[in-house]
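# Residue-level structure breakdown
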Protein chains: 2
Amino acid sequence: MAQPLRLGIAGLGTVGTGVVKIIRRQADLLEKRTGRRIEITAVSARDANKDRGVSLSSYAWETDPVALAKREDVDIFVELMGGSEGSAKDATEAALAAGKDVVTANKALLAIHGQALAERAEASGHVIRFEAAVAGGIPVIKALTEGLAGNQITRVMGVMNGTCNYILTRMEADGLGYNALFEEAGRLGYLEADPNLDVGGIDAGHKLALLASIAFGTKPNFEDVVLEGIQRISLDDIHQAADMGFRIKLLGVARRTARGLEQRMQPCLVPAHSPLGQLEGGTNMVVIEGDAVEQIVLRGPGAGEGPTASAVVGDICDLARGLRISTFGQPATTLEAAQPARTGLPAPYYLRMALLDKPGALAKVAAILGDAGVSIDRMRQYGHSDAKAPVLIVTHKTTRAALDDALDAFDQTDVIAGQPVALRIEEV
Amino acid sequence: MAQPLRLGIAGLGTVGTGVVKIIRRQADLLEKRTGRRIEITAVSARDANKDRGVSLSSYAWETDPVALAKREDVDIFVELMGGSEGSAKDATEAALAAGKDVVTANKALLAIHGQALAERAEASGHVIRFEAAVAGGIPVIKALTEGLAGNQITRVMGVMNGTCNYILTRMEADGLGYNALFEEAGRLGYLEADPNLDVGGIDAGHKLALLASIAFGTKPNFEDVVLEGIQRISLDDIHQAADMGFRIKLLGVARRTARGLEQRMQPCLVPAHSPLGQLEGGTNMVVIEGDAVEQIVLRGPGAGEGPTASAVVGDICDLARGLRISTFGQPATTLEAAQPARTGLPAPYYLRMALLDKPGALAKVAAILGDAGVSIDRMRQYGHSDAKAPVLIVTHKTTRAALDDALDAFDQTDVIAGQPVALRIEEV
């Protein structure tokens, strides 16, 4: 019989506790499947006395995750603390230096330091697995890295922040405004300590950077992800989009074009009857397009104790089975530094702005768009309670650069109140 | 640099040709990802002279796939001939005997002989991979075997025959009858040589048996799959189901219950707004439910040159990377022989029958159901052009056994023309 595989788990929040529960509950099943006994030898967390609903008494307790990472009786360091700096980074580096494999759910750490960590791991023949870092329980890293390895990937898209999708779908379903639902999400514990990680698109942007790296063989590069949050989406936008057969989603898109690597995480309009448009509530969805496979859609819970722990344990089972693979699907030293393509391929855009009550205001808006080379598919001005008249415009396909020219020109006029909302209509 | 990995490909139909194209087109990409050069050394097919749109002149040609399987310059035998007996089986056995790994797209071979083949392969440390055998381009075998290895799987469901789903969705969309669409599917080349493999549910049943084996750690057992085709589904059924918010799908369901292993491939009603209900055309979908992950939905093309070849090449890449795993996710000798649970858990049923124009006919039907212990949720008799009055009944949750009692009793009466249609309403 093979030696047991010994885990050291750092971080006993929701996910860490979930992992402990699975390892205990399914010990025999996991051994049958992987051929090795999987055991927890040591754990570490901030509070040793908290009741986590599962007995930890048979595990060694370390107060310092770095000490845990270095323990001789640990084969795999399981990092479930989170955060791109500090303890999580220190302990992960310590684990690699001590010759351990690492399994992590930490999207921020890998999106920002993934290249350096992967190079370090691979230099000594160790691996970092991070299925749980992207789209919770959905085995998307595995699908992209392994299952679709025969494909030149052409586009990866995803709705990967459940909180944002929850807010956007509740806005439509219940007619509640963004602010009310943001507050509710906070009360329900759906928001990160820094809510901008969720509603600002940062968390989902981290995930997109990781998918893009695997898909296109490029160094993970979160800095070049174009980020836009959902904070400015109004009920009006939701309803106008619905009227035209669309839904608004915080959608990540990564694509490699002749102009460079495009990585965007921003609210987009998608057809209401597409799989992405039909996605409701906190569920995640990733769409992968490749030259051979055409289109694969993966859907599942993006967070929560069970689903995220499922992904962590899947990685652990891979290691127990001896499945060892480069962190980003090919040796980290062979990943390219892709030029960022700052703007996407041309697309139609949805524009909403508040027109001041001045003669010729609408004509001025139309003229500015025309001058920027943006042609109008539909335009609609509709009644509203206050003095400003909302105007809705759907453009024909245009580049973001041309649209930005028009938005800049709007800024110089005296006919528009505030900043227009401009949302890409993504072909899915 | 590692030695090249040498393929012998038997069968150069749609899928085989697709695999050759990918291996040629993506040689550098595959080497970068897997660390090994992947080369084709020999091929075999019935007709050496057919133009397949790709040059085969640099490969050795074998007329006998068994000879191909034994070649010393072949590391992986890629079986893309199909069929559960004959050449495909002989050549696969020869390859295993000669110490090769096997990659196959052959669902029939594995559903029927998978246990014996897996035992033979594993006894000598070789592996059989078959991602392409189930749901075409969707990496569902990998998701279930590896990604979700931490889960006790509770249910696997799937729409896995694109031709049936194409027929059923066209019936609803275009108001065409089953027979017209069956003929059209034949003309378009969507049907197997023996169309009963498609519309009788056999092909999809093979796939279900393979998924059930991995999900529940049981020997693949196609014989005990309860099979029912779509041939008796009428436009009436499609429209009545739609009126009630359902769609009819040829749905495979595998579940392990206290009464044994349930494997069913039969037309069912599913909610129109569920992912399964929304699935249109030839696309496939597999839903996997586990104790930790809750529910994962995978969607993608179930057939075609590119998607199926993508799955075959994914398996080849796994082997090039040294990822080696038991055929059904755990050693074949540890798979259990599951007792079949002949009927599913209780469910509501949809019944349609043609009532003869006799006094008290409807009362007789209601009485028979009551005597069998089947209670009625809704019943509706509606006008029709011929003398027989169609009656639609939706039952409350009932066992299949009770329903079968009622169906048997209907047979004994003189008030019903022909056989009633009885479709399970599946909770999804």
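Thresholds applied
Residues numbered from 1 in each chain as written. Chains lettered and ligands numbered in written order. Predicted model: local features only at pLDDT ≥ 70, side-chain atom pairs only at ≥ 80, totals over all residues. Heavy atoms only, no water. Pairing = 2+ DSSP bridges. Helix = DSSP H or I, 4+ residues; strand = E, 2+ residues; numbered from the N terminus. Least-squares fit on C-alpha atoms with pLDDT ≥ 70 in both. Contact = heavy atoms within 4.5 Å. Buried < 20%, exposed > 50% of the residue type's maximum accessible area, 1.4 Å probe, protein only. Lys, Arg positive; Asp, Glu negative; His and termini not counted. Salt bridge = Lys/Arg side-chain N within 4 Å of Asp/Glu carboxyl O. Core = buried A, V, L, I, M, F, W, Y, C linked by side-chain atoms within 4.5 Å. Buried area = accessible area lost by both parts, 1.4 Å probe. Polar contact = N/O pair within 3.5 Å; in protein donor to acceptor, adjacent residues only side chain to side chain. Nonpolar A, V, L, I, M, F, W, Y, C, P; charged D, E, K, R; others polar. Domains from an automatic or database assignment. Axes fitted to C-alpha atoms, helices over the stretch in contact; angles between N-to-C directions. Parallel < 35°, antiparallel > 145°, perpendicular 65-115°, else oblique. Left-handed = near helix turned anticlockwise from the far one by under 90°. Phe/Tyr/Trp six-rings, centres within 6.5 Å; stacked < 30°, edge-to-face > 60°. Disulfide = S-S within 2.5 Å.

Looking now at the sheet that holds strand β5 (residues 101-104) of chain B. Residue and element names in this part refer to chain B. Ordered by their spatial adjacency, six strands build an open sheet running β3-β2-β1-β4-β5-β6, and the pairing between neighbours is parallel. The strands lining the two open edges of the sheet, one partner per strand, are β3 (60-62) and β6 (128-129). By the bridge criterion, four bridges tie strand β1 (residues 5-10) to strand β4 (residues 76-79) in an arrangement that is parallel. For Gly8, the partnering residue across the bridge sits in β4 and is Phe77.

Screw-axis analysis of chain B against chain A gives a translation of 0.0 Å along the axis, an RMSD of 0.0 Å, and a rotation angle of 180°. Expressed as an axis order, the relation between the two copies is that of a two-fold axis. An overlap of 100% is found between the interface residues of chain B and their copies at the interface of chain A, pointing to a shared contact surface.

For Arg299 of chain A, the location among the structural elements is in strand β12 (residues 294-301). Among buried Asp, Glu, Lys and Arg side chains, Arg299 of chain A stands out as unpaired, with Glu280 of chain A the closest opposite charge at 7.7 Å. Apart from the residues lying within four places of it in its own chain, the contact partners of Arg299 of chain A are Ile138, Leu279, Thr283, Asn284 and Met285 of chain A together with Pro275, Gln295, Ile296 and Val297 of chain B.

As a rule of thumb, nonpolar side chains are buried together in soluble globular proteins. Counting residues in each nonpolar core, the largest one holds 161 residues, and the members touching the most others are Val140 of chain A together with Val140 of chain B. Dropping the residues within four chain positions of it, Val140 of chain B is found in contact with Glu131, Val134, Ala135, Leu211, Val286, Ile288 and Leu298 of chain B.

On to the interface of chain B and chain A, then. With 50 residues of chain B at the interface, the matching set in chain A holds 51 residues. Counting the surface chain B buries against chain A, the share from its top three residues, Arg33, Arg299 and Arg321 of chain B, is 15%. The tally of links between chain B and chain A comes to four salt bridges. Lys142 of chain A is paired through a salt bridge with Glu146 of chain B; the nearest N and O atoms lie 2.7 Å apart. Here chain B is connected to chain A by 18 residue pairs in polar contact (both at pLDDT 80 or more). Taken together, the elements giving at least two residues each to the side of chain B that touches chain A come down to α1 (14-25), α2 (27-34), α6 (140-147), α12 (275-278), β12 (294-301) and α13 (305-320) of chain B. Per element, the largest residue contribution to the side of chain B that touches chain A is eight residues, and it comes from β12 of chain B. Partitioned by chemical class, the residues of the side of chain B that touches chain A number 22 nonpolar, 16 polar and 12 charged. Taken together, the three bridges between β12 of chain A and β12 of chain B define a ladder with antiparallel strand orientation. Bridge pairing in β12 of chain B places Leu298 of chain A opposite Leu298 of chain B.

Let us now look at the domain arrangement of chain A. All names here are of chain A. Per the domain assignment, the segments making up chain A are domain 1 (5-133), domain 2 (140-301 + 330-334) and domain 3 (349-425). One C-alpha centre belongs to domain 1, the other to domain 2; they are set 27 Å apart. Counting residues at the interface gives 14 residues for domain 1, matched by 17 residues for domain 2. Taking both partners together, domain 1 and domain 2 bury about 1300 Å²; carbon and sulfur atoms supply 62% of that area. It is Ala111, Gln115 and Glu131 that lose the most area in domain 1 upon contact with domain 2, and together they represent 40% of the buried surface on that side. Inspection of the domain 1/domain 2 interface yields one salt bridge. The interface formed by domain 1 and domain 2 contains five residue pairs in polar contact (both at pLDDT 80 or more). Considering every element that reaches the side of domain 1 that touches domain 2, the biggest residue donor is helix α5 (residues 107-123), with 10 residues.

All names here are of chain B. Contact pair helix α5 (residues 107-123) / helix α10 (residues 202-216): the axes reach a minimum separation of 9 Å and the direction vectors enclose 50°. When the interaxial angle is binned, α5 and α10 end up oblique. In this structure, α5 crosses over α10, and the sense of that crossing is left-handed. Within the contact between the two elements, α5 uses Lys107, Ala108, Leu110, Ala111 and Ile112 and α10 uses Asp203, His206, Lys207, Ala209 and Leu210. Tallied by class, residues from the contact of α5 with α10 come to six nonpolar, one polar and three charged.

Residue and element names in this part refer to chain B. The geometry of helix α14 (residues 361-371) relative to helix α15 (residues 400-412) is characterised by a closest axis approach of 8 Å and an angle of 145° between their N-to-C directions. For the pair α14 and α15, the crossing hand works out as right-handed. Counting all contacts with α14, which are made through Val365, Ile368 and Leu369, the residues of α15 involved are Ala406, Ala409 and Phe410. Each residue belonging to the contact of α14 with α15 can be placed in one class, and the counts come to six nonpolar, no polar and no charged.

All right, on to the packing of aromatic side chains then. Residues and elements named next belong to chain A. Here the structure, examined in full by the defined rule, presents six aromatic pairs over all chains. With centroids separated by 5.0 Å and ring planes inclined at 85°, the aromatic side chains of Tyr166 and Tyr190 adopt a geometry described as edge-to-face. Highlighted residues: Tyr166 in helix α7 (residues 162-174) and Tyr190 in the loop between α8 (178-187) and α9 (196-199), separated in sequence by 24 residues. Judged by relative accessible area, Tyr166 falls into the buried class, the value being 13%.

A few words on the sheet that holds strand β4 (residues 76-79) of chain A. Residue and element names in this part refer to chain A. If you walk across this open sheet you meet the six strands as β3-β2-β1-β4-β5-β6, and the pairing is parallel. Edge positions in the open sheet fall to β3 (60-62) and β6 (128-129), since each of these has one partner strand only. Both strand β1 (residues 5-10) and strand β2 (residues 38-44) contribute to a ladder of six bridges, which runs parallel. Looking across to β2, one finds that Leu7 is bridged to Ile40.

All names here are of chain B. Among the secondary structure elements, Ile9 is positioned in strand β1. Taking the relative accessible area as the measure of exposure, Ile9 reaches 0% and is therefore buried. As for Ile9 and Glu79, which are separated by 70 residues in sequence, their C-alpha atoms are 6.3 Å apart. Those residues in contact with Ile9, other than ones at most four positions away along the chain, are Val19, Val20, Ile40, Ala42, Val43, Ser44, Leu68, Val78 and Leu80.

One side chain can pair with another of opposite charge once the charged atoms of both are near each other. Residues and elements named next belong to chain B. Overall, the coordinates contain 62 salt bridges over all chains when judged by the stated rule. Here Arg155 makes a salt bridge to Glu289, at a shortest N to O gap of 2.9 Å. Here Glu289 lies in strand β11 (residues 283-290) and Arg155 lies in strand β7 (residues 153-159), a separation of 134 residues in the sequence. Just as Arg155 is buried, Glu289 falls in that class too.

Moving on to the pairing of strand β10 (residues 260-271) of chain B. Residue and element names in this part refer to chain B. Counted residue by residue, β10 has 11 buried out of 12 residues, so it is predominantly covered. Bridge count for strand β8 (residues 226-227) against β10 is two bridges, and the pairing is parallel. By the bridge assignment for β10, Leu227 is matched with Met265. Bridge count for strand β9 (residues 246-257) against β10 is 12 bridges, and the pairing is antiparallel. By the bridge assignment for β10, Lys249 is matched with Cys268. The loop that links β9 with its antiparallel partner β10 comprises two residues. Sheet analysis places β10 next to strand β16 (residues 416-425), joined by two bridges and oriented parallel. Across the sheet, residue Cys268 finds its bridge partner in β16, namely Arg424.

All chains considered together, the criterion is met by zero disulfides over all chains. Here Cys164 of chain A is not cross-linked by a disulfide; its sulfur's nearest cysteine counterpart is in Cys268 of chain A, at 13 Å.

Residues and elements named next belong to chain B. With respect to the element layout, Thr169 can be found in helix α7 (residues 162-174). Note on Thr169: relative accessible area 13%, which makes it buried. In terms of polar contacts, Thr169 uses its side chain to reach the backbone carbonyl oxygen of Tyr166, at 3.3 Å. When residues no more than four places from it in sequence are discounted, the contact partners of Thr169 are Lys249, Leu279, Glu280 and Gly281.

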